[in-house]
Amino acid sequence: MRPSSPQADAPVAELASASPPGLLTLFLAFAKMSLAGFGGVLVWARRAIVEQHGWMTPEEFNETFALCHFLPGPNIVNLSVVFGSRFRGVPGAIAAFAGLLGPPVVIVTILAILYARFGDIDALRRTLAGVSCAAVGLLFAVIFRMMLPLLKKREPVSLALLVAVFVAVGVMRWPLPAVLLVSIPVSIGLTMLMRRRAAA
Amino acid sequence: MSDTNSGSLVTLAWSFGLMSLFAVGGANSAIPEIHRLAVDVNHWMSDKQFADVFAISQLSPGPNVLIVTLIGYQVAGILGAMVATLAMCGPTAVFAYFVSQLLARSSHAQWPGIVQAALVPLSIGLMSASGLVLLFASDTTWAAFLVTGSAAVLAFATRLNPLWLLVAGGLIGFAGVL
């Protein structure tokens, strides 16, 4: 990691519209950030795209990621497709997609083969049980971090929607499509209502 | 098993493909639905195996969505792993491509901001549900709850690399404390 100072941002912003990456460069860049990304690729994607290669300004990256976060599906996979297509059209999208997923899929498949063969060994089961306990803890930390802004703003409507979806999916175990088909229109309607009221 | 193989490939493709279109907020918020499909509806694996597979997907490099690759392998071998991965990532990638093309043409539109603001509480609610489902699948003893709690506090309060917390959890598990 290199030290970042306010002055360091200027040359990066200039570089952002510099030479667009080729197909092989796209594939390799996404393969590299994917393989570096233990427990999430986003941090590495930002580092490579904005800081290392200067393909996007920080603002462009934030906007692209926000779009990919509100689209369904794995965010970082969406990001690879949107990013790749911006520079090289459909072939670029495919190159970035393949780079992001190809190498780690090979590794995970090897792990799956090992698990199928040795998964019954008691020491391995105990170790994996410990890893998954810690992994669940990490997930809770991420959730709490995302929840903080909502708690600070004290928006009762947002918090009520959050709790309703949590109960429906986590406690009642209702199917996701049914829950979302109801909760998305309700949430959009309430958001528009609140914005209109805030504007009035 | 081989008679049902092509049948389970279709089920894998259909289940994960449809579900991915509803996976608002990414892989972590889709965990309850993946669990419901793999454990409750299709009986592909036990609760314990699901927790194992989640642990492996967190330990390995790459996007967290690769938990579906592991489930696919469990169901139908290497072909199953490929089908599950493509079904989970392909349709939404195509969708993302078309939406980004559309937005590039009409960048002044107001609705993306509204939709995004409306989806934030829903996706956090879904991630909380993921936490609950995984807690029940993996934490069966008080010591296990203690490990989860400590990992949560350490990950929230410090800038420790998450990988070290996973390794520490593994060592505690290997020692047979849980």
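The numbering scheme is per chain: residues are counted from 1 as the chain's sequence reads. As they are written, the chains are lettered A onward and the ligands numbered 1 onward, keeping that order. With pLDDT at 70 or above as the cut-off, local features in this predicted model cover only qualifying residues; side-chain atom pairs require 80 or more to be listed or tallied, and sums for whole chains, interfaces and linings still use all residues.

## A word on the UniProt feature "transmembrane region" (unreviewed entry) in chain A
Residue and element names in this part refer to chain A. Which entries qualify depends on this criterion: UniProt positions are given in the numbering used here, feature names are shortened, and annotations may be inferred rather than shown by experiment. Strands are runs of DSSP state E lasting at least two residues, helices are runs of H or I lasting at least four, and both sets are numbered from the N terminus onward.
If you check UniProt for "transmembrane region" (unreviewed entry), the listed places come out as residues 23-45, 93-115, 127-144 and 178-194 in our numbering. From the first C-alpha to the last, residues 93-115 spans 32 Å; its make-up is 100% helix and 0% strand. Regarding residues 178-194, the helix share stands at 100% and the strand share at 0%, and the terminal C-alpha atoms are separated by 25 Å.

## Notes on the confidence of the model for chain A
So the rule is basically this: Per-residue confidence from the predictor is reported as pLDDT, which spans 0 to 100. Residue pairs are scored as contacts if the distance between their C-beta atoms, which are placed from the backbone, is within 7 Å.
On average, chain A scores 85 in pLDDT, and the residues at 70 or more come to 90%. Confidence over residues 1-15 of chain A falls short of pLDDT 50; this stretch has five contacts with residues more than four positions distant or in other chains.

## Regarding the packing of helix α2 (residues 23-36) of chain A against helix α3 (residues 42-52) of chain A
Residue and element names in this part refer to chain A. Let me state the cut-off plainly: Angles shown run from 0 to 180 degrees and are taken between the N-to-C directions of axes, each axis being a line fitted to C-alpha atoms and, for helices, limited to the stretch in contact. Here a crossing is called left-handed whenever its near helix is offset anticlockwise from the far helix by less than a right angle, and right-handed whenever the offset is clockwise. Three classes are used: nonpolar for Ala, Val, Leu, Ile, Met, Phe, Trp, Tyr, Cys and Pro, charged for Asp, Glu, Lys and Arg, and polar for all others, with Gly counted as polar.
In the contact formed by α2 and α3, the axes pass within 8 Å of each other and the chain directions differ by 145°. Considering how the two elements wind past one another, α2 and α3 form a crossing that is right-handed. Together, A29, K32, M33 and A36 of α2 and W44, A45 and A48 of α3 make up the contact between the two elements. By residue class, the composition of the contact of α2 with α3 is six nonpolar, no polar and one charged.

## So, the packing of helix α2 (residues 27-41) of chain B against helix α5 (residues 111-138) of chain B
All names here are of chain B. Threshold: Any angle from 65 to 115 degrees is called roughly perpendicular, while one under 35 is roughly parallel, one over 145 is roughly antiparallel, and all others are oblique.
Interaxial distance between α2 and α5 falls to 7 Å at its minimum, and their mutual angle equals 55°. Comparing the axis directions of α2 and α5 gives the class oblique. Relative to α5, the crossing made by α2 is left-handed. Where α2 approaches α5, its residues N28, S29, I31, P32 and H35 are matched on the opposing element by S123, L126, M127, A129, S130, V133 and L134.

## Description of the environment of L79(B)
Tracing the sequence through the fold places L79(B) in helix α4 (residues 67-105). Along the chain, L79(B) and T69(B) lie ten residues apart, while their C-alpha atoms are 9.9 Å from each other.

## Concerning the environment of S29(B)
Residues and elements named next belong to chain B. We apply this condition: The exposure scheme places C-beta atoms from the backbone and then counts, for each residue, the other C-beta atoms within 10 Å of its own, assigning buried at 20 or more, exposed at 12 or fewer, and partly exposed in between.
Considering the arrangement of structural elements, one finds S29 in helix α2. Residue classification places S29 among the buried residues on the basis of 24 C-beta atoms within 10 Å. For the pair S29 and D52, spaced 23 residues apart in the sequence, the C-alpha separation amounts to 18 Å. Aside from chain neighbours lying at most four places away, what touches S29 is A23, V24, S123, L126, M127 and S130.

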